[in-house]
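# Chain and residue survey
Residue strings, one per chain:
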Amino acid sequence: MIDEITFEVLRHRLDTINDDAAAVLARLSGSHLAAEARDLNTAIMAPDGRVVCCGRYVLAQVVSMHLVVRDILENYADNPGFGPGDQFVTNDPYIGTLHQPDVVVVAPIFVDGALVGWCGSTAHQADVGGPNPGGITYDARSIFDEAVPMPPVRIVEGGRLRRDLEREYLVRSRTAELNRLDLVGQVAANRSVTAEVGRLCGQYGADAVAAVMDRLLERTEALLRERLRALPDGRWRHVAYVEYRPHGGTTEAVYAVRLTMTKRGDDLELDFTGSDPQAPGTINAAYPALAGFAIGGVLIYLCGGLPWVPGGVWPVVRIRSREGTVVHARWPAGVAMSTAATCQAVRVSVNACLARMLEASRDLAHLVMASCQAAGGGGGTVHGERGDGTSYATMTLDEITGGGGATWSGDGADSSGYTTSPGASCANVEVNEAYLPLLYERRAELADTGGPGRHRGGVGTLHALTPHGDGASMTMMSFGQGLQHPLAAGVCGGEYGGQSVVAVVPDLADLEDEGERRLPMPSATVPIRTGDLLVSVSQGGGGLGDPLDRDPAAVLDDVLDGLVSVRGALRDYGVVVTGDPRRPDGLRVDDPATSRCRDDRRHARIGRPPAPPAPSRQGRPLSAVLDLLPPDGDAPHREGVVACGRCGTVLCGAAGNVYEHLVVSDASPAERSPLGAVYEGADRFVLRRLYCPACAVQIDVQVCRTGDPVLAAIEVL
């Protein structure tokens, strides 16, 4: 039994050792993906593989790393075995990586001949082979049309790198030298952890270090269960969509990721079994990727203030899935683009359901966060030849500049990237220009891309680049997501963040004129010739709360800061901004006109004058704008009733579907598409807003396919 002071000292030492390993990997890597963008992570694990320390970079890369260790323990214990100084490399997404470009290297940690744990490192490789440079083949029919995955292979034996296996690993890649440097960095990172944990065991004893690992796992599980018990039981739902054009097809098919989240007591179930059957191509997620993004989402959106120990979260969260679906693919389905497609839908769905659950708690509602950006059409791989004839294949990572989700404490962070990758970022313009034969003409935050709400979502970013250098050429393989409809969900009645845009144009001015412009969905390969501009827009973050409740002064500040346009202030917030920015008195809010505009908007929502707000809320919150009231004597609903938290109007019995009693208004998602871009197929989706029939407050916003029924997103248990 160790005391609390020693426990805290060792806990922080383990975290520091793990963070130092990530720094070692980044410093030794020759790739801008690792060295600059930090598309990497490291982990320390217990002897059975459960993760006790994870880096703050790309969380989904490490929260399910125990699956790799488990595979080694189950299959290699006797042949080939493992011992001190050994390390195993794999990029097999059906075993434990996210997709083939994310390469994992794990190593056992032995002290005095005894196994005390494991460590692991992962990094996104510029290219791991396959038909398409960059490691992702958009029109793959199966995994055999993608980079061939490598199951765990003992590439370091007794501390010595196996040259034969290193050659076998590197020969697959078009960027072998970059991959070699990443491999060296990952091996060195694991050696650093192994050595430092050995020193820690020498100072405090291996039993003490093992006890700390066990306590971290047990305490995290106990704290998470305690948090769940403090939340009301219930069931919440979200649906997100992924587009994909199968090999040889002419139009995109739509695949639904459906999550039903149920919380009872201290048990949390994430049920994805209702998701659509797997696609005949590359967007599918294998189970490790589903688990990585689901548990990573739980860490970010539910575990604020708790230890980030994934191994302690796994026993609490039960993931239900059905093999053969787009979220749990059956071999040999293609999966290389899963992280930019289906996995983003998984994360957004987990985010939305957890936010709905947290809304219902007075004590924990401060943890509510709308969705951050998702991977969009501007994300993808680029490849080509430089003027000297050498080839390149990689990602620019411009897409990791989207907006963060709004919270009750304020607006979402602008151009902040993925919430579930807190330590990752886009590379600097100068870095990309140094690595690649391209020139940026613009990178700037784009107004009106943040999701409207009482608190605004963070804005996304516009990028414009062109091939640069004598004879330089470039081809892009776009991820093609978030173009036809928005992905970053708002919460508590907030709106979705702005959509993605990707287009090749001769001049940026072609996209900057106001007005709608029809664009084709990107094909599997998009050539970008000298003189062309590749223009992309990363998505905005979701908003929180009814946009008509936003302080007009905050809207004016956004206009002055270039985050919201004058037109967007009126369209999205009902705020009338007048004046001339060139004059000394500048822009200002017309308060009487704004008040009239907002009154008219509320009237239009429900077709009559709205009811006034109630003096106070009654019962317990069912959501940010709904209350659950107990039964009242002779009332017909013995289980209680659901009422609007704004005006107090009773909507239905607690056992009923409150969404059947709201006013529904469908609109085209294209009404807020950045740069007026409307893509082929966008008419298959609607943006559905739901209002209280009495006071017109916006209760929810959903994206769905045209003609689909309203989703019953909240269910009382």
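Coordinates for the structure precede this section.
Residues numbered from 1 in each chain as written. Predicted model: local features only at pLDDT ≥ 70, side-chain atom pairs only at ≥ 80, totals over all residues. Heavy atoms only, no water.

### A look at the overall build of the chain
Scanning the chain from N- to C-terminus turns up 14 helices and 31 strands. Taking the principal axes of the C-alpha coordinates as reference, the chain spans close to 75 × 70 × 50 Å. Evaluated residue by residue, the chain yields a buried proportion of 62% over its 717 residues. A total of about 25,500 Å² of accessible surface is found on the chain, and carbon and sulfur atoms cover 50% of it. (Helix = DSSP H or I, 4+ residues; strand = E, 2+ residues; numbered from the N terminus. Buried < 20%, exposed > 50% of the residue type's maximum accessible area, 1.4 Å probe, protein only. Areas by Shrake-Rupley, 256 points an atom, 1.4 Å probe, with all protein chains shown as cover.)

### Section: the sheet that holds strand S2 (residues 51–54)
Spatially, 7 strands are ordered S2-S1-S5-S4-S3-S6-S7 in an open sheet, and the strand pairing comes out antiparallel. The outermost strands of the open sheet, each flanked by one partner alone, are S2 and strand S7 (160–161). Where helix H1 (residues 4–28) meets the sheet, its contacts fall on strand S1 (40–45), S2 and strand S5 (114–124), and the angle it forms with S1 comes to roughly 145°. (Pairing = 2+ DSSP bridges. Contact = heavy atoms within 4.5 Å. Axes fitted to C-alpha atoms, helices over the stretch in contact; angles between N-to-C directions.)

### Regarding the packing of H1 against helix H5 (residues 176–204)
Direction vectors running N to C along H1 and H5 enclose 160°, while the axes themselves pass 8 Å from each other. It follows from the interaxial angle that H1 and H5 lie roughly antiparallel. Once H1 is placed against H5, the crossing between them reads as right-handed. Residues of the contact of H1 with H5, tallied by class, amount to 16 nonpolar, 4 polar and 3 charged. (Parallel < 35°, antiparallel > 145°, perpendicular 65-115°, else oblique. Left-handed = near helix turned anticlockwise from the far one by under 90°. Nonpolar A, V, L, I, M, F, W, Y, C, P; charged D, E, K, R; others polar.)

### Observations concerning the pattern of salt bridges
Inspection of the entire model under this criterion finds 44 salt bridges. A salt bridge links glutamate 196 to arginine 199, with the shortest nitrogen-to-oxygen separation between them at 2.4 Å. Of this pair, glutamate 196 and arginine 199 are both found in helix H5, 3 residues apart, which corresponds to roughly one turn of the helix. The partner of glutamate 516 in a salt bridge is arginine 518, with the nearest N and O atoms 3.4 Å apart. No difference in accessibility class separates glutamate 516 from arginine 518, as the two residues are exposed. A cluster of three or more residues bridged by salt bridges with shared partners is formed by Asp86, Arg154, Glu157, Arg162 and Asp164. (Salt bridge = Lys/Arg side-chain N within 4 Å of Asp/Glu carboxyl O.)

### A word on the packing of aromatic side chains
A full pass over the atoms with the stated rule returns 7 aromatic pairs. Between tyrosine 94 and tryptophan 331, the aromatic rings sit 5.1 Å apart at their centres with planes inclined by 75°, giving edge-to-face as the arrangement. Taken together, the positions of tyrosine 94 in the loop between strand S3 (87–90) and strand S4 (102–111) and tryptophan 331 in the loop between strand S11 (317–320) and helix H9 (342–359) put the pair 237 residues apart, joining distant regions of the chain. What makes tryptophan 331 partly exposed here is its relative accessible area of 43%. (Phe/Tyr/Trp six-rings, centres within 6.5 Å; stacked < 30°, edge-to-face > 60°.)

### Thoughts on the pairing of strand S25 (residues 641–644)
Burial along S25 is two-sided: Val641 and Ala643 and Val642 and Cys644, pointing in opposite directions, are all buried. Here 4 bridges tie strand S24 (residues 626–629) to S25, and the two strands are oriented antiparallel to one another. Its bridge partner lying in S25, leucine 629 is registered against valine 641. Here S25 runs beside strand S26 (residues 650–653); their pairing, made up of 3 bridges, is antiparallel.

### As for a negative patch on the surface
A cluster of acidic side chains, namely Glu441, Asp507, Asp510, Asp513 and Glu514, defines a negative patch on the protein surface. Tracing the backbone shows glutamate 514 in the loop between helix H11 (509–512) and strand S18 (517–519). Note on glutamate 514: relative accessible area 72%, which makes it exposed. (Patch = residues over 30% accessible without salt bridge, like charges linked within 9 Å, V, L, I, M, F, W, Y side chains within 5 Å. Lys, Arg positive; Asp, Glu negative; His and termini not counted. Charge placed at Lys NZ, Arg CZ, Asp CG, Glu CD.)

### Description of the nonpolar core
Judged by nonpolar contacts, the single largest core of 111 residues is most densely connected at Phe272 and Leu302. Top contributing element to this core by residue count: helix H7 (residues 287–302), with 11 residues. When sequence neighbours within four positions are dropped, the list of residues in contact with phenylalanine 272 reads Val257, Arg258, Leu259, Leu290, Ile319, Arg320, Val327, Val346 and Val350. (Core = buried A, V, L, I, M, F, W, Y, C linked by side-chain atoms within 4.5 Å.)

### With respect to the environment of proline 506
Tracing the backbone through its elements, the reader meets proline 506 in the loop between strand S17 (501–505) and H11. Here the alpha-carbon distance between proline 506 and glycine 531, two residues 25 residues apart in the chain, equals 6.7 Å.

### Brief notes about the pairing of strand S13 (residues 391–395)
Counting buried positions along S13 yields 4 of 5 residues, so the element is predominantly enclosed. Of the strand pairs in this sheet, strand S12 (residues 380–385) and S13 are connected by 5 bridges, and their pairing is antiparallel. Bridging from a neighbouring strand, histidine 383 pairs with alanine 393 of S13. As consecutive antiparallel partners, S12 and S13 are separated by 5 residues, and within that stretch glycine 389 has a phi angle of approximately 90°, a positive value.

### Details of the environment of glycine 453
For glycine 453, the location among the structural elements is in the loop between strand S14 (438–445) and strand S15 (461–467). With a relative accessible area of 0%, glycine 453 lands in the buried category. Linking glycine 453 and proline 315, residues 138 residues apart in sequence, is a C-alpha distance of 36 Å. Excluding its chain neighbours within four sequence positions, the residues that come into contact with glycine 453 are Leu544, Gly545, Asp546, Pro547, Arg550 and Tyr573.

### Some points on the sheet that holds S13
With respect to topology, 4 strands assemble into an open sheet ordered S13-S12-S16-S19, the strand pairing being antiparallel. The sheet is open, and its two edges are formed by S13 and strand S19 (526–528), each paired on a single side. Across the sheet, the mean angle from the axis of one strand to that of its neighbour is 20°, orientation sign disregarded.

### Points about a nonpolar patch on the surface
Among the surface-exposed residues, Ile5, Val9 and Tyr204 lie close enough to one another that they form a single nonpolar patch of about 280 Å² accessible area. With respect to the element layout, isoleucine 5 can be found in helix H1. Here isoleucine 5 falls in the exposed class, since its relative accessible area comes to 66%.

### Some remarks on the side chain of serine 349
Counting through the fold element by element, serine 349 comes out in helix H9. Apart from residues no more than four positions distant in its own chain, serine 349 is found in contact with His238, Ala240, Val257 and Leu259.

### Notes on the side chain of asparagine 132
Along the chain, asparagine 132 falls in the loop between S5 and strand S6 (153–157). Its relative accessible area of 9% is what places asparagine 132 among the buried residues. From its side chain, asparagine 132 meets the backbone oxygen of isoleucine 136 in a polar contact 2.8 Å long. Excluding its chain neighbours within four sequence positions, the residues that come into contact with asparagine 132 are Asp127, Thr137, Arg174, Thr381, His383, Met477 and Thr525. (Polar contact = N/O pair within 3.5 Å; in protein donor to acceptor, adjacent residues only side chain to side chain.)

### Some words on helix H12 (residues 552–560)
Buried within H12 are the following residues: Pro552, Val555, Leu556, Asp558 and Val559. The arc that holds the buried residues of H12, viewed along the axis, is 155°, so those residues lie on one side. On its buried face, H12 sits against helix H13 (566–573), strand S21 (577–579), strand S22 (587–589) and helix H14 (591–606). Where H12 begins, the capping side chain belongs to aspartate 551, and its oxygen is found 3.0 Å from the backbone nitrogen of alanine 553. At the exit of H12 stands glycine 562, carrying a positive phi of roughly 80°. (Arc of directions from axis to C-beta.)

### Description of unusual backbone geometry
Going from asparagine 79 to proline 80, the amide bond is cis rather than trans, its omega being 10°. Cis geometry is adopted by the peptide bond preceding proline 332, which originates at tryptophan 331 and carries an omega value of 10°. For aspartate 112, which is not glycine, the phi dihedral falls at a positive 55°. Note that aspartate 112 resides in the loop between S4 and S5. Note on aspartate 112: relative accessible area 82%, which makes it exposed. Positive phi, normally seen in glycine, also occurs at serine 415, with a value near 40°. Positionally, serine 415 belongs in the loop between S13 and helix H10 (429–435).

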